[in-house]
Amino acid sequence: MSSTTRIRRSRRAVVAAATLGVLALGGSLALPAQTAFAGALHDAYHGALSVQAPAAVGFAGQPVAFTETITNTGTEDTSYTLLLQTTTEAGTPPHAITIDYKDPADGIWKSVPLDFYPGSDEATYNGMTGAIVVAAGKSVKLDMRIGAPMGLPHDGASNGGFHSITLASRLTVPGTGDNLGEQVSAITVDSIGSSLTHVPATAIAGGAPIEFDAVLANPTPSAYTNLGDVLFVDPHATVQVRQADGSWTTPEKVSDGIPDDKPGVYLQGRDSSIDAGKTMVTRVRVSYDATTPLGATSIDPCLFVNEGATPFRGTTTCSQGSTVKVVADPAQTPGNTPAQIPGSAPAQILGNTADKNAKPAADTTTAQVQPAADTKPAAPAAAAPVAVPAAPAPVATGAELAATGSAFDTVKAGTAAAAIAALGAGALLLARRLRRQS
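Computed from a prediction, not measured in an experiment: that's the story for all the values here.

(A) Fine view of the overall build of the protein chain. Scanning the protein chain from terminus to terminus reveals 2 helices and 27 strands. Counting the 438 residues in the protein chain, one finds 40% classified as buried. Sequence-distant contacts in the protein chain: of pairs separated by 6 or more residues, those separated by 24 or more amount to 75%. Surface exposure of the protein chain reaches about 22600 Å², of which carbon and sulfur atoms provide 56%.

(B) Region of interest: the environment of D229. Examined against the element boundaries, D229 turns out to sit in strand β19 (residues 224–232). Taking the C-alpha atoms as reference, D229 lies 9.3 Å from A214; in sequence the two are 15 residues apart. Excluding anything up to four places from it in sequence, D229 contacts S194, L216, V265, Y266, L267, Q268, C302 and L303. A polar contact is formed between the side chain of D229 and the side chain of Q268, at a distance of 3.4 Å.

(C) Quick look at the sheet that holds strand β24 (residues 279–288). An order of β16-β18-β24-β20-β21 is seen for the 5 strands of this open sheet, with the pairing classed as antiparallel. Since the sheet does not close on itself, it has two edges, and those belong to β16 (193–197) and β21 (248–249), each with one partner. With 5 bridges connecting them, β16 and strand β18 (residues 210–217) associate as antiparallel partners. Residue pairing in the sheet places L196 in a bridge with A214 of β18.

(D) Representation of the state of the cysteines in the model. Summed over the entire model, instances satisfying the criterion amount to 1 disulfide. Linked covalently through their sulfurs, C302 and C318 form a disulfide whose S-S length is 1.9 Å. Its torsion about the S-S bond being 110 degrees, the disulfide of C302 and C318 is classed as right-handed. Here the residue C302 occupies a position in strand β25 (residues 295–305), and C318 occupies one in strand β26 (residues 315–318), the gap between them amounting to 16 residues. For the pair shown, C302 and C318 are each scored as buried.

(E) Examining unusual backbone geometry more closely. One non-glycine residue, H154, lies in positive phi territory at about 60 degrees. Backbone geometry at F312 places phi at a positive 65 degrees, although glycine is not the residue there. Structurally, F312 can be placed in the loop between β25 and β26. Looking at F312, the relative accessible area reads 1%, which means it is buried.

(F) Fine view of the pairing of β26. Residues T315 and T317 point to one face of β26 and T316 and C318 to the other, with burial holding for every one of them. The sheet contact formed by β25 and β26 spans 4 bridges and is antiparallel. Each residue of the ladder has a partner; that of C302, found in β26, is C318.

(G) Representation of the pattern of salt bridges within the structure. Taken as a whole and judged by the stated rule, the model has 8 salt bridges. With a closest N to O distance of 3.0 Å, R145 and D100 form a salt bridge. With R145 in strand β11 (residues 139–147) and D100 in strand β6 (residues 98–102), this pair connects stretches of sequence that are 45 residues apart. Of the residues examined, R145 reaches a relative accessible area of 29% and is grouped as partly exposed. Here D106 ties to K110 by a salt bridge, and the two come within 3.2 Å at their closest N and O atoms. Given the relative accessible area of 28%, K110 is considered partly exposed. Because the salt bridges share partners, they merge into one network encompassing D103, D106 and K110.

The rules behind each value
- Residues numbered from 1 in each chain as written.
- Predicted model: local features only at pLDDT ≥ 70, side-chain atom pairs only at ≥ 80, totals over all residues.
- Heavy atoms only, no water.
- Helix = DSSP H or I, 4+ residues; strand = E, 2+ residues; numbered from the N terminus.
- Buried < 20%, exposed > 50% of the residue type's maximum accessible area, 1.4 Å probe, protein only.
- Contact = heavy atoms within 4.5 Å.
- Areas by Shrake-Rupley, 256 points an atom, 1.4 Å probe, with all protein chains shown as cover.
- Polar contact = N/O pair within 3.5 Å; in protein donor to acceptor, adjacent residues only side chain to side chain.
- Pairing = 2+ DSSP bridges.
- Disulfide = S-S within 2.5 Å.
- Salt bridge = Lys/Arg side-chain N within 4 Å of Asp/Glu carboxyl O.

Any functional reading would require information that these geometric values do not contain.
See below:
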């Protein structure tokens, strides 16, 4: 959506100089004469501004293109400047916003220098383009781009964030301060996200791996670079990733150096990328060695943009993970009949209420009784109770798959920038973003 605003302003500096000159000559400036003189200068500068701002940008993503059109409605070639200001929520970190423009004079992309002003209620960035010459009666469509990188390359902010950007664009003539046209645009800030699908509910310690899909979704208009798509797993787990040719590779498990933190595995490498509007599905399998503690463990997906030298320190987006129950291998459980020590009582069946200290009955021992010569053999002693084998662990079916998180959290949904606390150093929180305290 675009709009055009036209405002005419006088050349104030010239009017002031002329007024001072009249007063220096001892004359008086009659109101009608002043009005006529100012009116003549009032037509010196004319201009109109039309802004086609992007609807959204990606949180911590690359800049998104848009245009601002400057129209010279006057009769002289004029040099204009755009004054630009962004307003975001309190907690916005430094280097969170970038604005670039392509200079029509040489066709080179140039960054708009921005001054950062954090506040208790909001944060602003202010900047100004270089001079842009527009011929009389002509228009120049200025190619621009705006982004929310949330930090410098390989130095992303691990806290702070915002849901939207308010962009104010003002057309002026250098040195006058005149406002020849102004437009305010609202830009939504969306986010990439990750999720896990079809994760089996159970896995066998020392057994075959479980397989599932890791989904990386980018619904934003921003491309992403310097991206880490990470799974955090139990230290006893091994993660493998299927390649395009069907082969499996085993990425290195990376530690953040904090005791008790789970290691992470980069599914596509530490500095991967994804284009705007794309979704990437990676087939993953995870195995647990025989020493893995039995019980519930989790697989947690997180995304990091512009990580620095320390792993898992950058702009962070985490999603709900999946819980997997690690169970013992049924093939390794003891046999049906426990080993007996000669002369001892048989093992109790689970749930038997007999006193464990009671002496065995005489006819339940393993000793044999010699029958009398003139009698038939005595009836055999009652058979000892035999333990009933436990039922094998059930095999997971489609109805028993572990619950997984939603496809992704977005800034638009209002979740805070965040990182998982277990990953340490405040870099990772289960909430996607934390607003930095002012």
